[in-house]
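Analysis of the macromolecular model
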Amino acid sequence: MASISKSNPLEEDVDTGEEVQHFDDFTLASSWERFISDIEATCRQWLADGPKNLVEKGAVAVEDSKNLFTVKHELKNVAKSYCMEFYFQIDNNGSQQAGIGNWNSNSHDLQLCFGVKDFLLIAPQSASGVLLDTPESSKLLSAVAIALSNCGSLWPAFVPVHDPSRKAYIGIQNMGTVFTRRFEADRIGSQVPVKLMHLEGLYELFVSKFVYSGVDFSMHNFKVHFMMRLTYQTFPYDEEDEEIDMDELMDDKADTAENYGSESRNKVLWDDDCPWSEWYSAEDPLRGFELVVTWADRTVESTLEMAELENASPHDAEKWILHPILSPYLGDPSHGKRIDFASQLLCLVEALDTSFAAQFMEDFVSVENPSSENIKTSVVIPPPSVLDRVIKDLFREGSKLPDFTKGEHRLSRALKAAPLESLFTQFCLHSLWFGNCNIRAIAFLWIEFVREVRWCWEETQPLPKMPIDGPIDLSTCLINQKLHLLAICIEKKREMNEEFLDCIGSDDSSDASVSMEDHRKVDKRRNTSSEADLQRKRDSSIAEDTSNQLRFERKTERTNSVNQSPTDAIRRGSAGPVGTMMLLKSRQQLHAPFTQDPPLMTEDMHEERLQAVEAFGDSLNVPGQLEKDILLSDMSAFKAANPDAVFEDFIRWHSPGDWESCEPKTTEPSAGPSTKGSKDEWPPRGRLSQRMSDQGNLWRKSWNDAPALPADDQKPLLDPNREGEKIVHYLETVRPHQLLEQMVCTAFRGSADTLNQTNFGNMRQMTSKLEQLYLIIKSTLGALQRNNLPDKAKTVKDLKRLCMVFESVEKLVAVAASIHRKFLDASRLAQVIFSDFYGIYAPTMGMSSNDEENKSRTEMEVSRQEVSLRERQVVSNLFSPPSANQSWRKVLSMGNLLNGHEPILREIIFSTGDDVNNGIHYAAAADVAATSDRKGEEIETHRMYVSGTSNDLRVGLSVTSCD
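Counting restarts for each chain: residues are numbered from 1 in the order of the written sequence. Reporting in this predicted model follows two pLDDT cut-offs: at least 70 for local features of residues, and 80 or more for side-chain atom pairs to be given and counted; totals over whole chains, interfaces and linings ignore these cut-offs and use all residues. Each side-chain value is derived from all of the structure's non-hydrogen atoms; neither hydrogens nor water enter the calculation.

The next thing to look at is the overall build of the protein chain. Numbering of helices and strands starts at the N terminus; helices are DSSP runs of H or I of at least 4 residues and strands are runs of E of at least 2. Along the protein chain, the regular secondary structure elements total 30 helices and 18 strands. Note that accessible areas follow from Shrake-Rupley with a 1.4 Å probe, and for residues the cover is restricted to the protein chains shown. When the accessible area of the protein chain is evaluated, it comes to approximately 48,400 Å², of which 50% is carbon and sulfur surface.

Structure, rendered in structure tokens:
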């Protein structure tokens, strides 16, 4: 039989020379030997490839490890199939790492237990993956050891044994021709002996592995190397409290903001002093902290020293490593599960999409309107009590106007919206939380809002949160401009009412007293005016009232009589002389008058005026009449300030370009010549321009018709009653989509300005990200500033994408605020933690919907940071003493407490060695020295790794012996 088997390969070699290398090895007499040969061949291949090539060929990275990889190979025996895995480590450059630290947080479980680097793991392909038969596990381990010895490998090999819950292993490592290491690990899952809960008992357990059992440990000292790592964790939220909070949060979205602001909420939240807490309470993005405290390698000789170490403070440890625990919501898009600005802005965008279905806001609340039937019946309409609270909050009168620049970013004004503290912005922010921000709830709130505005107008009550003077800011949205002008009209209306009452009480006064009153007005204006007042524009949208009209007519008659007697004229309403300019006829100083400001106008009023000018030109139409009234008012004020003035004097002051001087430039009156020169060359040589000299010129006709009246006594240029009614009518009849477009712009700016008030310290990444947010908002909202949306569907889609970006930045702001407030006295630590989080979170900015990217975001984790000595107290304060509710759940069985916190995990490494300097003449001596932690001075003979708590204990033991 043997000869036949031998002849066949030779005949095949003659026929074909391609199979010369194949032959039958008759030394493999059994299946078990063939099994060993298969292991040996696989290991030789892995050794030949090396770590870098194995990664290129498809080695898989181990989960939760950055540089640990594994390759697999299936082995088949007669009875069973096995899976052999090779674990190896490489650095970022692809080269194999030189060693492994004892406390590497990314290490494999077997690396921690036995202090190895690369290793083999062989397990049967079964449901449990462990070997329950002791002889089988020993035989398998022997087979692997033989294979590794044949191929010259020093890899340790491990086999799982016993029940899977015990995480038990046995292993072996051939360290050369002299030394062999054997490994064993097991776990106690419950009822840990009291002695093994303390360091003294663990010390005696380790010593018992290399001394006689009869030795009294208390009478002898044994030098043992000791290292310890304790892991502390802040208390997580109580599950019961968390469920209650979620029920309260989701019970009624309509009452969210009001419930948060009610006095019944006694629980102090982490963000109570954050700017967004007025509207909602955010979940703390930092759910807790994990602190790893390490005692470096030291030598202990007795149980007494171990007892002292157990009572030592964590502040005495050599190294602190802090690991922030992030909330899961940071990596997962909310999709409506969370309540914040971004989620409510998304609801507002959906309301905008619905607003095109009706002509008026009342249509969305009317039962008879067909468009209201298309709205989902499930929309939330808050009860009347909530509506009353919102209206009262909006129209609550304050002692002073709010700071309209509060929270304003330098790019805020680029958004056509309203300031954060203005009435309309507060309405928009309230609408985000009113109901679920659907179009029906917004319609209810808007109708009540306009009704309250009309009441303020009709009752002459101040409009809260709006300025009552100053120019109209045309960079804001139209509704804010309208409300600003309405507030001014209300104030002027109130002043007129007061003047009417004063006028009734002074009907019997004489003209002399009126003249004295005029003198007092002039003196008062002179005392309180400055040069800047000449350029100041005060409000002129004053209504005509009965008393004002009577006074105007009376003043006009008196002024006409004064004009008939120039010698008795009295200068009134003068703001002071204008340089050295003199009146042409009387040679008196020319005075500049106080004039009425041009009437305040909103953006749509300016557009109407320009359209009318383009349509009618210079004819006397309505806009032309407005300019004529302004010119007539200026002329009347000039006549009152300069009783002896002529038309040419007014032109020289009001329109110098229409006065053509015939004098040398040095003697030009406007250049300020000396008085003496003026007298010698009087009157100054000059004439009116051609357009002012034309027959029937409108300016000269107006001059002849203008009475001499100071600005205070003139008829107002615009009627506040008329303008106020027009504004209220606009608010009552505004188209829903026009309202929602302005609400969207204002709500985005208001939300961004609120986040901009957050105090996050000196985190430059956050400052830059907020600036990017404003730029993105500006570019996206540009379509809403046009009169007609070019593509409604595309605009709504862009707005929803903007909400995703806003959500990402909002989460970043919450993280920055949470980190900053927790590390106020450790700014370096706060900066490095946030920078690490920013690096893994910021690149997406919410713009990607890729599933793989979302998955990686969900599983993101910040790295661990080392804590310096001066920062330890700040970190220690994060571990607040446990409450009574938290303390009863734990029985403190271990020492080394940190502010009352027991370690959630205690890891200890005991080791002892033996001197090897006596000489090793074997070829493997260099390998022994390399694998030893003592660099050739001694070899580690015993090593025991202990991890667990008072209810869970795991022990891994490795023993090196000379076989």
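Now, onward.
On to the side chain of H901, then. Among the structural elements, H901 can be located in the loop between α29 (884-887) and β16 (905-915). With a 1.4 Å probe rolled over the protein chains alone, any residue whose accessible area is under 20% of its type maximum counts as buried; one over 50% counts as exposed, and the rest are partly exposed. Residue classification places H901 among the buried positions, given a relative accessible area of 3%. Contacts are assigned to residue pairs that have any heavy atoms within 4.5 Å of one another. Residues within four places of H901 in sequence aside, it is in contact with Y232, Q233, T234, F235, F879, S880, P882 and N896.

Positive phi is not limited to glycine here, since H162 has a value of about 65 degrees. Of the residues examined, H162 reaches a relative accessible area of 33% and is grouped as partly exposed.

Note on terminology: a nonpolar core comprises buried Ala, Val, Leu, Ile, Met, Phe, Trp, Tyr and Cys residues joined through side-chain atoms within 4.5 Å. Ranked by size, the top nonpolar core spans 156 residues in total, and within it F424, W446, L463 and F823 carry the most contacts. Take this core: its biggest share by element is 14 residues, from helix α25 (residues 792-822). Not counting chain neighbours up to four residues away, the residues in contact with F823 comprise F289, L322, L829, A830, I833, V874, V875 and L878. In terms of nonpolar packing, the next biggest core, distinct from the first, is built from 29 residues, W32, A147, C151 and V159 among them.

Secondary-structure assignment places I651 in helix α18 (residues 647-654). A relative accessible area of 0% places I651 in the buried class. Considering only alpha carbons, one finds I651 and R700, 49 residues apart in sequence, at a separation of 9.9 Å. Those residues in contact with I651 that lie beyond four places of it in its chain are P656, D658, W659, L688, M692 and W699.

Our next topic: the packing of aromatic side chains. What characterises a pair of aromatic rings is the spacing of the ring centres plus the angle enclosed by the ring planes. The rule is short: rings of Phe, Tyr and Trp, with Trp giving its six-membered ring, pair when the centres are within 6.5 Å, and they are stacked under 30 degrees, edge-to-face over 60, tilted in between. In total, this model carries 35 aromatic pairs according to the counting rule given. Seen in terms of ring centroids, F210 and F222 are 6.5 Å apart; in terms of plane orientation they differ by 80 degrees. Their pairing is edge-to-face. Here F222 lies in the loop between α5 (199-207) and β8 (224-233) and F210 lies in the loop between α5 and β8, a separation of 12 residues in the sequence. These aromatic residues form a ring-pair network of at least three members: F638, F647, F650, W653, W699 and W703. Directly above the aromatic system of Y730 lies the positively charged group of K482, at a separation of 5.2 Å from the ring centroid. Consider the ring centre and the ring normal. A charge sits over the ring if Lys NZ or Arg CZ is within 6 Å of that centre and within 35 degrees of that normal. For the cation-ring pair, K639 lies above W703, with the distance from its terminal atom to the ring centre recorded as 4.7 Å.

Oppositely charged side chains can pair when the atoms bearing their charge come close. The rule for a salt bridge is simple: a side-chain nitrogen of Lys or Arg has to be within 4 Å of a carboxyl oxygen of Asp or Glu. Under the defined criterion, the tally for this structure stands at 41 salt bridges. We note a salt bridge from K57 to D49, for which the minimum N-O separation is 3.1 Å. K701 is the partner of D705 in a salt bridge, and the nearest nitrogen-oxygen pair spans 3.5 Å. Taken as a pair, D705 and K701 lie in helix α21 (residues 698-705) at a separation of four residues, close to a single helical turn.

Strand β6 (residues 168-174) sits mainly inside the fold: five of its seven residues count as buried. By definition, two strands form a pair when at least two bridges between them are found by DSSP. Two elements, strand β5 (residues 157-161) and β6, share five bridges in a ladder whose sense is antiparallel. Each bridged residue has a counterpart across the sheet, and for A157 the counterpart in β6 is I172. Count of turn residues in the β5/β6 antiparallel hairpin: six residues, of which H162 carries a positive phi of about 65 degrees. Relative to strand β7 (residues 179-188), β6 runs antiparallel, the two sharing six bridges. Residue pairing for β7: I172 is matched across the bridge by R182.

The axes are straight lines fitted to the C-alpha atoms, using for helices just the contacting stretch, and the angles between their N-to-C directions are given from 0 to 180°. Interhelical geometry of helix α9 (residues 341-354) versus helix α11 (residues 423-433) gives an angle of 95 degrees and a closest axis separation of 9 Å. Accordingly, the angle class assigned to the pair α9 and α11 is roughly perpendicular. Two secondary-structure elements touch here, α9 through F341, Q344, L345 and L348 and α11 through L429, L432 and W433. Think of it as three bins: nonpolar holds Ala, Val, Leu, Ile, Met, Phe, Trp, Tyr, Cys and Pro, charged holds Asp, Glu, Lys and Arg, and polar takes everything else, Gly as well. The residue inventory of the contact of α9 with α11, partitioned by class, reads six nonpolar, one polar and no charged. These descriptions rest on fixed angle ranges, namely under 35 degrees for roughly parallel, over 145 for roughly antiparallel, 65 to 115 for roughly perpendicular, and the rest for oblique.

In this section: the side chain of R454. Relative to the helices and strands, R454 resides in helix α12 (residues 439-458). Not counting residues within four places of it along the chain, the set of residues in contact with R454 comprises E725, V728 and E732.

Another aspect to go through is the packing of helix α10 (residues 384-394) against α11. With their axes 10 Å apart at the nearest point, α10 and α11 run at an angle of 155 degrees to one another. In terms of orientation, α10 and α11 fall into the roughly antiparallel class. By crossing handedness, the relation of α10 to α11 is classed as right-handed. Here α10 contributes V390, D393 and L394 to the contact with α11, which in turn contributes L423, Q426, F427 and H430. In terms of residue class, the contact of α10 with α11 is made up of four nonpolar, two polar and one charged. Handedness of a helix crossing follows the sense of rotation of the near helix relative to the far helix, less than a right angle counterclockwise being left-handed and clockwise being right-handed.

To continue, consider helix α23 (residues 736-756). The terminal C-alpha atoms of α23, which comprises 21 residues, lie 30 Å apart, in line with the 30 Å expected from a rise of 1.5 Å per residue. Of all 21 residues in α23, 19 are buried, a share of seventy percent or more. Each helix should span, by expectation, one fewer than its residue count multiplied by 1.5 Å.

Now for α9. Note: α-helices contain 3.6 residues per turn, so residues at a spacing of three or four share the same orientation. A rise of 1.5 Å per residue sets the reference length of α9, with its 14 residues, at 20 Å; its end C-alpha atoms lie 20 Å apart and thus fit the reference within 8%. Along α9, the residues classified as buried are F341, A342, S343, Q344, L345, L348, V349, A351 and L352. Tucked inside the fold, the buried residues of α9 contact α11, α12, α23 and α25.

Right, let's talk about the confidence of the model for the protein chain for a bit. Caution applies to low-pLDDT parts of the model: their predicted coordinates are not meant to be read in detail. Per-residue confidence from the predictor is given as pLDDT, running between 0 and 100. Mean pLDDT for the protein chain: 78, with 72% of residues reaching 70 or above. Contacts for the low-pLDDT stretch residues 510-568, under 50 throughout, to residues beyond four places or in other chains number 90 contacts.

Moving on, we get to the pairing of strand β9 (residues 286-300). Looking at chain direction, β8 and β9 are connected through nine bridges and run antiparallel. Bridge assignment links M228 to a residue of β9, and that residue is W295. Across eight bridges, the pairing between β9 and strand β10 (residues 319-326) is antiparallel. Along β10, the bridge assignment pairs F289 with P324.

What follows concerns the state of the cysteines. The term disulfide is used for any two cysteine sulfur atoms that are within 2.5 Å. Counted by the stated rule, this structure contains zero disulfides. C477 supplies the cysteine sulfur nearest to C428, a cysteine that is in no disulfide, at a spacing of 7.1 Å. Note on C428: relative accessible area 0%, which makes it buried.

So, on to the environment of G435. Summarising the element assignment, G435 is placed in the loop between α11 and α12. Using a relative accessible area of 0% as the deciding quantity, one classes G435 as buried. For the pair G435 and L387, spaced 48 residues apart in sequence, the C-alpha separation works out to 9.8 Å.

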